[in-house]
Amino acid sequence: MKLFGYQLPAMSSLLIWGLLWEIVGQVELTFFLPALSEIFVTLSEIITTKPFIKALSETGQAFFLGTFFAVTVGIPVGILMGKNQLIDELLLPWVNVFLSAPLTALVPVLMILFGFGLKSIVITTTLFAIWIIILNSRAGVKQINPSLVEMAQSFGAKPMDAFLKIYFWAALPEILSGVRIGFIRAVKGVIIGQLLISIVGFGALFELYSSQFLMSHFWAVLLVLFAMAFTISEFLASLERRVSYYASKR
Amino acid sequence: MNDKTTSVNAVEVRNVYKNYNEVEALQDLSLDFPKGELTSLLGPSGCGKTTLLKIIAGLIPTTSGEVKINGKKVTGPGPDRAFVFQDFALLPWETVIKNVSFGLELRGVAKSEREAIAEKYIVDVGLAGFEHKFPHQLSGGMRQRVGLARALSVDAEVLLMDEPFSAVDEQTRRKFQEDLLNLVKNENKTFLFVTHSIEEAVYLSDQIALLLPRPSRVSEIIRPSGFRHKDVDSIRRDSEYLDIVDRIWDSLRTYVE
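None of these values were measured; they are calculated from a predicted model.

Structural notes on the overall build of chain B
- When you go through chain B residue by residue, the secondary structure sums to 9 helices and 10 strands.
- The C-alpha atoms of chain B give 18 Å as radius of gyration, which agrees with the globular expectation for 257 residues (18 Å, within 12%).
- Out of the 257 residues belonging to chain B, those deemed buried represent 52%.
- Considering only contacts within chain B whose residues lie at least 6 apart along the sequence, 67% involve residues at least 24 apart.

Written out as structure tokens, the structure is:
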């Protein structure tokens, strides 16, 4: 970013907003927004406490499991849909329905089906992430140059070879961007699951702090969550950049 | 007598029909491809020459009729054939050496062995030093050399080339054609070559099969004989070469809109 001809350092917009936040907090405009410095003080206090670490590990575990299933099921299903017209026509309506469905409204149903424990939370997380991963993998396969597939066939590729050595790699740029968006949705999914199903993890912390009007605590947890989501998203974006050298030349 | 023909012909196409729904792409097509020679399939667009090549490759099934490679019926792709693609069909995420050894990789050859073989053919096609480059770092002509090296490295008896030089520039194409003539001379392989360029077909071929559309059939088989042994530089000035080019153009001109 440039301002009046001067090159501003990276993330300078964050600095500006942080400063504004601090000012609004210091003049005590609203209890909803405590000063940023106060939030960081609170954060440093709670981050080493047992309840926080427990919440972090509960949320981390549910998030990891949920996204694991979303990726391991979503990518192969998406590739199969892109490859096979029949499977595509069978599944595409459902994928589109669930992509736009208000999944939060489905959570009570999941609770009846799968109980009040980790299982339901993981399934909620998976359901938030998987549809966009499927759709992106499918789109990646749809744009494969057909002569690459013919080439593999002509050299005697078995279906599994073609799957692993052609389809997966050729669709990888799209798959990665689907995974990135899916993971961000999974952050939402895991918190909603922990709020609605059983009050555990970060969901429980949000519930506790907001009901007690502990706004600086609330914002501290939100900042941690944002930092985690941002790190994951940036990591996946860097993987995307690593395959971009062939994304435009397939 | 049947024994004799199978020993001379690497590829035999017998009464092949191919229909796409209502459209007849090939109608009762029969053609022989003598061993160790280069045969061109030449014709206007829409005459089914690429379809025929892909049927021989085993990539497309026939509607009826059969194709034999060394007397053995084709039921799908096989290690006796290798394909060179018009658009090169390289894996853009792999380096040159990985691309060249890809056919061997699919055949289960160990990594060190297949890369040694690939290395040899990379040198043969003139790409030494480019082993670890990616396809997008190469020119069109160099990319097709990668495609050619990949087809050569699996050591198939029959090389199927689908307009391999049509996507490279004129000067590169000429160089390619000279290299291909040397390849035909030195490698004991059978080459099937699809082209829409009359000059290219006459320059390269031991046998030219002229295909005409509506319905697709072999209208004529031409075997240039006088200049085949000549030096690559003097072929284009040979009077037989020029006569054949003229004769083919006479047959084709009515099909060109």
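So, the nonpolar core
- If you look at the biggest cluster of nonpolar residues, it comprises 154 residues, and the most contacted ones within it are Phe202 of chain A together with Val11, Val13, Ile56, Leu180 and Ile248 of chain B.
- Per element, the largest residue contribution to this core is 16 residues, and it comes from helix α8 (residues 159-196) of chain A.
- Two domains each provide a minimum of three residues to this core, namely domain 1 (16-52 + 164-257) and domain 2 (82-155) of chain B.
- Apart from residues lying up to four places away in sequence, Ile56 of chain B is in contact with Val11, Val13, Phe33, Val67, Ile69, Val74, Arg81, Leu160 and Leu192 of chain B.

Thoughts on the layout of surface pockets
Residue and element names in this part refer to chain A.
- As a volume, the largest pocket reaches approximately 340 Å³.
- Lining of the largest pocket is provided by 13 residues; of these, Leu14, Gly18, Trp21, Leu36 and Leu223 occupy positions nearest its centre.
- If you list the elements that add at least two residues to the lining of the largest pocket, you get α1 (12-26), α2 (36-46) and α10 (215-247).
- For the lining of the largest pocket, the per-class residue count stands at 12 nonpolar, 1 polar and no charged.

A closer look at helix α5 (residues 111-124) of chain B
Residue and element names in this part refer to chain B.
- Over its 14 residues, α5 runs 20 Å from end to end, which matches the ideal 20 Å to within 8%, given 1.5 Å per residue.
- Buried within α5 are the following residues: Arg114, Ala118, Tyr121 and Ile122. Relative to the axis of α5, the buried residues are bounded by an arc of 105° and lie together on one face.
- Buried positions along α5 lie against α3 (96-100), α4 (102-106) and α6 (140-153).
- Within two residues after α5, Gly126 carries a phi angle of roughly 85°, on the positive side.

Focus: the domain arrangement of chain B
Residue and element names in this part refer to chain B.
- If you check the domain split of chain B, you get domain 1 (16-52 + 164-257) and domain 2 (82-155).
- Taken together, the 10 residues of domain 1 in the interface contact 10 residues of domain 2.
- Between domain 1 and domain 2, a total of about 910 Å² is buried, with carbon and sulfur atoms accounting for 63% of that surface.
- A per-residue breakdown of the area domain 1 buries against domain 2 is headed by Pro164, Phe176 and Lys189, which together make up 45% of the total.
- For the pair domain 1 and domain 2, the interface holds 2 salt bridges.
- Measuring nitrogen to oxygen at the nearest pair gives 2.8 Å for the salt bridge that ties Lys189 to Asp155.
- On inspection of domain 1 and its partner domain 2, the count reaches 4 residue pairs in polar contact (both at pLDDT 80 or more).
- A class-by-class count of the residues in the side of domain 1 that touches domain 2 yields 5 nonpolar, 2 polar and 3 charged.

Some words on the environment of Val168 of chain B
Residue and element names in this part refer to chain B.
- Tracing the backbone shows Val168 in the loop between β7 (158-162) and α7 (170-186).
- For the pair Val168 and Glu37, spaced 131 residues apart in sequence, the C-alpha separation works out to 24 Å.
- Discounting chain neighbours no more than four positions away, the residues touching Val168 are Phe88, Gly140, Gly141, Gln144, Arg173 and Phe176.

Details of the side chain of Thr195 of chain B
All names here are of chain B.
- Tracing the sequence through the fold places Thr195 in strand β8 (residues 190-195).
- A polar atom in the side chain of Thr195 sits 2.9 Å from the backbone nitrogen of Ser197.
- A distance of 2.8 Å separates polar atoms of two side chains, one belonging to Thr195 and the other to Glu200.
- With residues near it in sequence (within four places) discarded, Thr195 still touches Leu41, Leu42, Gly43, Lys49, Glu163, Glu200 and Ala201.

What about the interface of chain B and chain A?
- The interface of chain B with chain A comprises 23 residues on the first partner and 20 residues on the second.
- Of the roughly 1900 Å² buried between chain B and chain A, counting both surfaces, carbon and sulfur atoms make up 69%.
- For the chain B face of the interface with chain A, the top three residues by lost area are Trp93, Leu106 and His136 of chain B, together amounting to 35%.
- At the surface where chain B touches chain A, the tally comes to 2 salt bridges.
- Between Glu105 of chain B and Lys165 of chain A there is a salt bridge, with its nearest N and O atoms 3.3 Å apart.
- Secondary structure elements with two or more residues in the side of chain B that touches chain A: β6 (81-84), α4 and α6 of chain B.
- In terms of residue count, the dominant contributor to the side of chain B that touches chain A is α4 of chain B (4 residues).
- Grouping the amino acids of the side of chain B that touches chain A by side-chain chemistry returns 15 nonpolar, 2 polar and 6 charged.

Here is what the cut-offs are and how they apply
- Residues numbered from 1 in each chain as written.
- Chains lettered and ligands numbered in written order.
- Predicted model: local features only at pLDDT ≥ 70, side-chain atom pairs only at ≥ 80, totals over all residues.
- Heavy atoms only, no water.
- Helix = DSSP H or I, 4+ residues; strand = E, 2+ residues; numbered from the N terminus.
- Rg over C-alpha atoms; globule rule 2.2 N^0.38 Å.
- Buried < 20%, exposed > 50% of the residue type's maximum accessible area, 1.4 Å probe, protein only.
- Contact = heavy atoms within 4.5 Å.
- Core = buried A, V, L, I, M, F, W, Y, C linked by side-chain atoms within 4.5 Å.
- Domains from an automatic or database assignment.
- 1 Å grid on protein atoms, 1.4 Å probe; cavity = no way out; pocket = protein on both sides within 12 Å on 5 of 7 lines; lining within 4 Å.
- Points joined across faces, edges and corners; volume = space filled by probe spheres on them.
- Nonpolar A, V, L, I, M, F, W, Y, C, P; charged D, E, K, R; others polar.
- Expected span 1.5 Å × (residues − 1).
- Arc of directions from axis to C-beta.
- Buried area = accessible area lost by both parts, 1.4 Å probe.
- Salt bridge = Lys/Arg side-chain N within 4 Å of Asp/Glu carboxyl O.
- Polar contact = N/O pair within 3.5 Å; in protein donor to acceptor, adjacent residues only side chain to side chain.

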